[in-house]
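Listed here are the chains, written in short residue letters.
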Amino acid sequence: MRLRSLVINVGAIALSAAIVLGLQLPRLNQRISGQTAAETQKALQEEATRLNLIKQLPPKGFGFNNMIANFAFLQFLQYFGDDVARNQFQTGYSLSPHYFENIIARDPRFISAYIYLSSSVSMFAGSPSEAIALYSRGLSSLDPKVQPDSYLIWRYKAIDQLLFLGDDKGARESYLKAADWAEQAIKLGTVSHREDGLKTVAELSRQSAQWLEQDRDLSKARIAAWSFVLQNAVDQKTVAIIAKELDRLGMKIDIKDDRPIIAPK
């Protein structure tokens, strides 16, 4: 029995090591050989394959799900920070949601990772619906009594719902949840050093929810949000998503001085 357990553990470690090497070697080769458009496209395709491979691993990840999530997050940081590939070669940020699918599936309690979700998926990839779905998936595994900081995720979700989708009802519910979870964190008595901050969060969240009880014209806020996304768009796929959303708001994308701007239709 001990031998069997040892074999299983060694196999799991070997698999994890193989995943790490598989994730790291293409980056190393790219740095050695120099970064070109063709190599960048090839690396992007290989990265998509690796992300899918991670997704296909057993749900329990041989007991290494936290490690797998950490590796996926480190790879996301490299991907997101590769300005040459994203901007110069215009490969965009379409893989961002796939990184977070793996991260949240493997470790939904990785609270710090959610901070990057909205900016990378909603803003840079232009896919707020996917970001909101990922928030919801993670929140289903969180408990404010166990993860006191998890109220933050409800606030991130509310902002995306409000600004990008104009879903005032959904945003209101998320703000109320954020307030409730912040208050539960206070009741735990383990965060006394920042109790005032949590009280402020709860109060502001309830105020936001109350503000959304009335019918509001959110079009200007949404246009401003999509304008910000447009400023960071580096590929045609993201621009097409932005154009579609702006069309619903009665706006269009014009080119002025070789720069995209938003104007009334």
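These figures come from a predicted structure and were not determined experimentally.

So, on to the packing of helix H11 (residues 219–232) against helix H12 (residues 236–248). Between H11 and H12, the shortest axis-to-axis distance is 10 Å and the interhelical angle comes to 165°. It follows that H11 is roughly antiparallel to H12 by the angle criterion. Our pair here, H11 against H12, has a crossing hand that is left-handed. Where H11 abuts H12, its residues Arg-222, Trp-226, Val-229 and Leu-230 lie against Thr-238, Ile-241, Ile-242, Glu-245 and Leu-246. Among the residues making up the contact of H11 with H12, the classes are represented as six nonpolar, one polar and two charged.

A few words on the pairing of strand E1 (residues 251–256). Note that E1 and strand E2 (residues 259–264) share six bridges and pair antiparallel. Bridge pairing links Lys-252 to Ala-263 in E2. In sequence, E1 turns back onto E2 through a hairpin of two residues, with Asp-257 there showing a positive phi of about 55°.

Residues at a pLDDT of 70 or more form 86% of the chain, whose mean pLDDT is 83. Low pLDDT, under 50, characterises residues 1–33; the predicted model gives this stretch 33 contacts beyond four residues in sequence or across chains.

Here the focus is helix H5 (residues 96–106). Across the eleven residues of H5, nine count as buried, placing the element largely inside the fold. Along H5, the positions that sit buried rather than exposed are Ser-96, Pro-97, Tyr-99, Phe-100, Glu-101, Asn-102, Ile-103, Ile-104 and Arg-106.

So, on to the packing of aromatic side chains. Counted under the stated rule, the structure contains 13 aromatic pairs. A ring pair is formed by Phe-76 and Phe-100, whose centres lie 4.8 Å apart and whose planes are at 65°; its orientation type is edge-to-face. One end of the pair, Phe-76, is in helix H3 (residues 65–81); the other, Phe-100, is in helix H5, with 24 residues separating them in the sequence. Residue Phe-76 shares its accessibility class with Phe-100, and that shared class is buried. Consider the rings of Phe-76 and Tyr-116, whose centres lie 6.3 Å apart with planes at 75°: the pair is edge-to-face. With Phe-76 in helix H3 and Tyr-116 in helix H6 (residues 111–124), the pair connects residues that are 40 residues apart, well separated along the chain. Sitting above the plane of the Tyr-79 ring, Arg-86 keeps its charged end 4.0 Å from the centroid.

So, how was this worked out
- Residues numbered from 1 in each chain as written.
- Predicted model: local features only at pLDDT ≥ 70, side-chain atom pairs only at ≥ 80, totals over all residues.
- Heavy atoms only, no water.
- Axes fitted to C-alpha atoms, helices over the stretch in contact; angles between N-to-C directions.
- Helix = DSSP H or I, 4+ residues; strand = E, 2+ residues; numbered from the N terminus.
- Parallel < 35°, antiparallel > 145°, perpendicular 65-115°, else oblique.
- Left-handed = near helix turned anticlockwise from the far one by under 90°.
- Contact = heavy atoms within 4.5 Å.
- Nonpolar A, V, L, I, M, F, W, Y, C, P; charged D, E, K, R; others polar.
- Pairing = 2+ DSSP bridges.
- pLDDT = per-residue confidence, 0-100.
- Buried < 20%, exposed > 50% of the residue type's maximum accessible area, 1.4 Å probe, protein only.
- Phe/Tyr/Trp six-rings, centres within 6.5 Å; stacked < 30°, edge-to-face > 60°.
- Lys NZ or Arg CZ within 6 Å of the ring centre and 35° of its normal.

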